[in-house]
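What follows is each chain in one-letter form.
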Amino acid sequence: MGKFIFKRLGQMLFTLYIVITATFFLMHAIPGGPFTREKPLPPAVIAALEAKFNMNAPLHIQYFDYMKGVFSFDFGPSFQKVGVDVIDLVKAGLPISAKVGGTAVLVVLIIGIPLGIISALKQNKWEDYVVTVIATLGVTIPSFVIATMIIYVFSGKLGILPSFGLTSWKHYIGPVIALSGFSLAFVSKLTRSSMLEVLQQDYIRTARAKGLSEFVVIGKHALKNGLLPVVTYVGPMVAGILTGSFVIEKIFAIPGMGKYFVESVGNRDYTVIMGVTIFYAGFYIIMVFLVDIIYVLIDPRIKLHD
């Protein structure tokens, strides 16, 4: 286990280094900059701002200086928000995104997995058809369309749900439904197909032939192997949902990580773009690593060194 963790940590750090480097140079390759305006600033003002943020230095010098800051968890100040560091924006936005995303993850797991199991056990029956229709709609309709429909119908027409902010439990309903729609549908479809394959295995027939109850057969024998493909998807899914959907947070005016990222892209706020990207990439890599560990806990036959 120790050797495996050490090896994976090295791979994770190298992957994160590639992400940081690629993002840095691609970002600077795009025309324009953080001080570009529709009404151009005086050249003297631009020169003073670039000198203040060390943007007048050669690009490779800027890169090495930025990497030094990353190693000390200093992602620099925001170019657009005066007196605010990037790490402060992350600290402010992450808890909000985590609340909405965590709720969405629970909805996906609590509803999606049981729906997939029911669909597999009731194959070609009305329960299976209902789950299939729901899953198909969830996969095919984009999350921003679901969000827009919720605001139009339940906020605008019916007036039963708020359309922005997070000041009460009702404010979570719209964003959570929009965030969890695709993942819930995908998890239910993935669980169904995996369970159907597992239920055809010889050891399941043997368990049933021994007279074991259907609850024991499904819960103890089939579900473990049936959930392996689901775990593969859930790891990256959790990373994506917990860090917030950029579009959904913008639509519902939620002041989370997504809001800051969208604003930073529009304003060419380089340091905020880099900080949010690094955090998201790091969280994603960690979740993939945890998936490998969970594999072994679910199925001991899987070896870490493999």
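These lines cover the structure that appears in this document, whether it is placed above or below. (Residues numbered from 1 in each chain as written. Predicted model: local features only at pLDDT ≥ 70, side-chain atom pairs only at ≥ 80, totals over all residues. Heavy atoms only, no water.)

1. Describing the packing of aromatic side chains
In this structure the tally under the stated criterion is nine aromatic pairs. Taking 6.2 Å as the distance between ring centres and 5° as the angle between the ring planes, the aromatic pair formed by Phe 279 and Phe 283 counts as stacked. Here the residue Phe 279 and the residue Phe 283 both occupy positions in helix H13 (residues 270-298), the gap between them amounting to four residues, near one helical turn. An aromatic cluster of three or more residues is present, and its members are Phe 24, Phe 25, Tyr 63, Phe 64 and Tyr 66. (Phe/Tyr/Trp six-rings, centres within 6.5 Å; stacked < 30°, edge-to-face > 60°. Helix = DSSP H or I, 4+ residues; strand = E, 2+ residues; numbered from the N terminus.)

2. Quick look at the nonpolar core
Core analysis: the biggest nonpolar cluster contains 38 residues, and Val 187, Ala 222, Val 230 and Met 237 have the highest contact counts within it. Those elements that provide at least two residues to this core are helix H4 (86-121), helix H6 (143-157), helix H7 (170-199), helix H8 (202-209), helix H9 (214-226) and helix H10 (228-242). Counting residues per element, this core draws most heavily on H7, which supplies 10 residues. Beyond its immediate chain neighbours, meaning those up to four positions away, Val 187 contacts Val 108, Gly 112, Ile 113, Val 230, Tyr 233 and Met 237. Of all hydrophobic cores here, the second largest spans 30 residues; its members include Met 12, Ile 20, Met 55 and Met 274. (Core = buried A, V, L, I, M, F, W, Y, C linked by side-chain atoms within 4.5 Å. Buried < 20%, exposed > 50% of the residue type's maximum accessible area, 1.4 Å probe, protein only. Contact = heavy atoms within 4.5 Å.)

3. Section: helix H5 (residues 126-140)
Given a rise of 1.5 Å per residue, 15 residues ought to cover 21 Å, and the 21 Å separating the end C-alpha atoms of H5 matches this to within 8%. Inspection of H5 places Glu 127, Asp 128, Val 131, Ala 135 and Gly 138 among the buried residues, and these make up the whole buried set. Viewed end-on, H5 has its buried residues packed into an arc of 95°, placing them on one side of the element. Seen from the buried face of H5, the exposed residues on the opposite side, beyond 90 degrees, are Trp 126 and Thr 140. (Expected span 1.5 Å × (residues − 1). Arc of directions from axis to C-beta.)

4. Quick look at the packing of H4 against H7
For the pair H4 and H7, interaxial distance at closest approach is 6 Å and the crossing angle is 35°. Where H4 crosses over H7, the handedness of that crossing is right-handed. (Axes fitted to C-alpha atoms, helices over the stretch in contact; angles between N-to-C directions. Left-handed = near helix turned anticlockwise from the far one by under 90°.)

5. Notes on the side chain of Ser 155
With respect to the helices and strands, the residue Ser 155 is situated in helix H6. Since its relative accessible area comes to 17%, Ser 155 is described here as buried. Within polar-contact distance, the side chain of Ser 155 engages the backbone oxygen of Leu 161 at 2.8 Å. Those residues in contact with Ser 155 that sit more than four places away from it in its chain are Ile 150, Leu 161, Pro 162 and Ser 163. (Polar contact = N/O pair within 3.5 Å; in protein donor to acceptor, adjacent residues only side chain to side chain.)

6. Considering the pattern of salt bridges
If charged atoms from side chains of opposite charge come close, those side chains can pair. Enumeration according to the criterion identifies one salt bridge in this entry. Of the charged contacts, one joins Asp 128 and Arg 192 as a salt bridge, the two residues approaching to 2.8 Å between their closest N and O atoms. You can see Asp 128 sitting in helix H5 and its partner Arg 192 sitting in helix H7, a full 64 residues away along the chain. When its relative accessible area of 2% is taken as the criterion, Asp 128 is described as buried. (Salt bridge = Lys/Arg side-chain N within 4 Å of Asp/Glu carboxyl O.)

7. Points about unusual backbone geometry
Here the phi dihedral of Phe 73 falls at roughly 60°; this positive angle occurs in a residue that is not glycine. With respect to the helices and strands, the residue Phe 73 is situated in the loop between helix H3 (59-71) and H4. Residue classification places Phe 73 among the exposed positions, given a relative accessible area of 64%. Of note in the backbone geometry, Ala 253 takes a positive phi value of approximately 55° without being a glycine. Its location among the elements puts Ala 253 in the loop between helix H11 (246-251) and helix H12 (257-267).

8. A look at H6
Given a rise of 1.5 Å per residue, 15 residues ought to cover 21 Å, and the 20 Å separating the end C-alpha atoms of H6 matches this to within 8%. Regarding H6, the residues found buried are Ile 146, Ala 147, Ile 150 and Ser 155. Tucked into the core, H6 has its buried residues touching H7 and H11. Positioned one or two residues after H6, Gly 159 has a phi angle of 70°, which is positive.

9. Here's the deal with the packing of helix H1 (residues 2-29) against H3
Running from amino to carboxyl end, H1 crosses H3 at an angle of 140°, the nearest separation of the two axes being 11 Å. Regarding the angle of H1 to H3, the classification is oblique. For the crossing formed where H1 meets H3, the hand is right-handed. Residue-level inspection shows Tyr 17, Ile 20, Thr 21, Phe 24, Phe 25 and His 28 of H1 in contact with H3, the latter providing Leu 59, Gln 62, Tyr 63, Tyr 66, Met 67 and Val 70. Residues belonging to the contact of H1 with H3 are distributed by class as follows: nine nonpolar, three polar and no charged. (Parallel < 35°, antiparallel > 145°, perpendicular 65-115°, else oblique. Nonpolar A, V, L, I, M, F, W, Y, C, P; charged D, E, K, R; others polar.)

10. Section: the environment of Ala 207
You can see Ala 207 is positioned in helix H8. Sequence spacing of Ala 207 and Arg 192 is 15 residues, and the spatial spacing of their C-alpha atoms is 20 Å. Non-local contacts of Ala 207, meaning those with residues more than four positions away in its chain, are made with Leu 212, Val 217 and His 221.

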